[in-house]
Amino acid sequence: CAVKAAHVLSEIAKNEEMKTPCIEADLVLTLIPLLESTDQEMLLHAGRAIGRICYDNRDLQEELVKVGVIPSLVRILTDYAESEPLVHVALLALYNLADLDSAKEALSMTEVAEQLVKQLRRAESHERLEIVFEVLQALAENDALKVQLVDAGMPEVLSEILLRLQGSSQAEDACIVKAASDLIVSLLLGGKKGNITGQAAKNNAKAIVLILARHENSQGKDSLNSQLTSLVSITVFLRSLTCSALPLSSDSSCLRMVQLGVIHQLLDLLEKHVQSGDTSVQQAALSALQNLAVPVVSKVQMLEEGVAERIEALLRSESPPVQFKLLGTLRMLADGQADAAEMLGQDPMLLKRLVQWCSVSDHSGICGEANRLLASILHHNRSQEVVKAIQAAQGVKHLVSMTTSEHAAMQKEALNALAIASAIDLETLEESFKESQLVQSLHKLLRDDNTSPEVKYDSMGLLCRLLNSGDLRQQIEEDKIKDTLEQLCSHSNANVVKEATTMLQVLRGET
């Protein structure tokens, strides 16, 4: 009788109009104990009835969690893992509850991670894969469950799915690839607090390495169509890595991936696809590299492993988007790293391309990034040889032009770079400064009311450096910069006033 009653209720609950009477009659609380039954038919009908009555009713769903439905659902997944109807009912219930914080907390006290891994391995239909992914994506928002999923081997299972589907051209498979890529990267990067440790930390990036290595091993062995869809798969994965790495990156998570070889796998991809001309993979891999190079600890490790030299092999690429990403990645590596700046600043091939890119008028993004990289090399460098190399490559004039950029950030970068270079070797730069009319450009910045106080301050700092050159000092005096400085002594910004006063004293010989 009880089985038949549960069956009748599950059928009645299909009707939207009958849900309210079922709720008012407290039928949900009556059905809950039936989930402890060992009768599979009873479990099936009771589970369906509860799911239908509580669908899209947050208050009832919260009540379900409070009365202990979560352990019952996990028990069904555990004890009846081979029963497709019961597994489907349990997964649907978890899907409806997984967004609740209370449900996530309750699930973290169970062995749901192991059961979801088993179901993902068994899943054959797109429908089953999709519902498991929906549950996993919700659970992966919880740090404790994220650790449990990694410990249970979820990244390895996801990598197997990516490998299996990488040669497919079906639209449904593309959706699964996207979902698996997003999920695996989210799991491998750890929690928001970077709290994945121990064995989970050791295993994390290995799955990424496995995916990248498997992709490379598959190239050349499959049909052209299979190779193209494989490229789509790996590009989607790399974009997922990029999108997730930046907001979730911590020093430890990025360094962990560097140490476990992800960087060299990405570089292998880059080098191969430079030859093949596939720009989508190049852009995606460079974005991932750029984000992984944010923490200082990652920069040091990447530089020690020769990453900068390998990236420079991409200089032969003629794709503007790839060139843009390349420049940004190299600038990220040079940031704060004197050794990297010195190495890049003495590479004649790199400097030649940078100077070319600084003049690219039809690609403003590339032009801007090339100038910024050139400025970064000078800013973080401490070598006289680098100053001479950039001067010989005719890069100085571009940095002078950069001081008048419409972007204040770029102006400051150029001013600081030129000030540091002047402190290192003003004699080498003197002629270029005169030819490019640096003094006149700086004076224009000081006179312009639209120039930010920070840029005015840095401009005067650079002018002070130039006073150490007799010829440049003469230009400063002839251009009547002293009159402008006297006006700036009444500026509203205290730092500007202080710097103007100091420079006036130097010009008057008072210091």
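What counts and what doesn't
- Residues numbered from 1 in each chain as written.
- Predicted model: local features only at pLDDT ≥ 70, side-chain atom pairs only at ≥ 80, totals over all residues.
- Heavy atoms only, no water.
- Buried < 20%, exposed > 50% of the residue type's maximum accessible area, 1.4 Å probe, protein only.
- Helix = DSSP H or I, 4+ residues; strand = E, 2+ residues; numbered from the N terminus.
- Contact = heavy atoms within 4.5 Å.
- Core = buried A, V, L, I, M, F, W, Y, C linked by side-chain atoms within 4.5 Å.
- Domains from an automatic or database assignment.
- 1 Å grid on protein atoms, 1.4 Å probe; cavity = no way out; pocket = protein on both sides within 12 Å on 5 of 7 lines; lining within 4 Å.
- Points joined across faces, edges and corners; volume = space filled by probe spheres on them.
- Patch = residues over 30% accessible without salt bridge, like charges linked within 9 Å, V, L, I, M, F, W, Y side chains within 5 Å.
- Areas by Shrake-Rupley, 256 points an atom, 1.4 Å probe, with all protein chains shown as cover.
- Salt bridge = Lys/Arg side-chain N within 4 Å of Asp/Glu carboxyl O.
- Lys, Arg positive; Asp, Glu negative; His and termini not counted.
- Charge placed at Lys NZ, Arg CZ, Asp CG, Glu CD.
- Axes fitted to C-alpha atoms, helices over the stretch in contact; angles between N-to-C directions.
- Parallel < 35°, antiparallel > 145°, perpendicular 65-115°, else oblique.
- Nonpolar A, V, L, I, M, F, W, Y, C, P; charged D, E, K, R; others polar.

Undergrad: Before we move on, can you summarise helix α6 (residues 69-79) with the specific residues and values?
TA: Burial of α6 is extensive: 8 of the 11 residues sit out of reach of the surface. Burial in α6 covers these residues: Val69, Ile70, Ser72, Leu73, Val74, Arg75, Ile76 and Leu77. Tucked into the core, α6 has its buried residues touching α4 (40-54), α5 (58-66), α7 (84-97), α8 (101-107) and α9 (112-122).

Undergrad: Summarise the nonpolar core; cite the residues concerned and give the values.
TA: If you look at the biggest cluster of nonpolar residues, it comprises 77 residues, and the most contacted ones within it are Leu289, Leu354, Phe433, Leu466, Ile476 and Leu485. Counting residues per element, this core draws most heavily on helix α27 (residues 408-435), at 10 residues. Counting contributing residues, this core receives three or more from each of domain 2 (336-427) and domain 3 (437-510). Those residues in contact with Leu354 that sit more than four places away from it in its chain are Leu327, Ala370, Leu373, Leu374 and Ile377. Ranked by size, the runner-up nonpolar core spans 67 residues in total, among them Ala46, Val69, Phe133 and Ile176.

Undergrad: Tell me about empty space enclosed by the protein, and please be specific about residues and values.
TA: Under the definition given, this model contains 2 cavities of 30 Å³ or more. Of the pockets and cavities examined, the largest cavity occupies roughly 160 Å³. What lines the largest cavity is a set of 16 residues, and nearest its centre among them are Gly47, Ile50, Gly51, Leu64 and Ala93. Elements represented by at least two residues in the lining of the largest cavity include exactly α4, α5, α6 and α7. When residues of the lining of the largest cavity are assigned to their parent elements, the largest contribution, 5 residues, is made by α4.

Undergrad: Which residues make up the environment of His45, and what are the values?
TA: With respect to the secondary-structure elements, His45 resides in helix α4. Taking the C-alpha atoms as reference points, His45 and Ala6, 39 residues apart in sequence, are found 5.4 Å from one another. Non-local contacts of His45, meaning those with residues more than four positions away in its chain, are made with Val3, Ala6, His7 and Ser10.

Undergrad: Residue-level account of a negative patch on the surface, with values.
TA: A cluster of like negative charges, contributed by Glu127, Glu130, Glu134 and Glu172, occupies part of the molecular surface. Element by element, the count of residues in the negative patch is highest for helix α10 (residues 126-139), at 3 residues. Structurally, Glu134 is set in helix α10.

Undergrad: Residue-level account of the packing of α27 against helix α30 (residues 470-478), with values.
TA: Taken N-terminus to C-terminus, the directions of α27 and α30 make an angle of 40°; their axes are 9 Å apart at the nearest point. The angle between α27 and α30 falls in the class oblique. In this structure, α27 contributes Leu426, Glu430, Phe433 and Lys434 to the contact, and α30 contributes Gly470, Asp471, Leu472 and Gln475. Among the residues forming the contact of α27 with α30, the class breakdown is 3 nonpolar, 2 polar and 3 charged.

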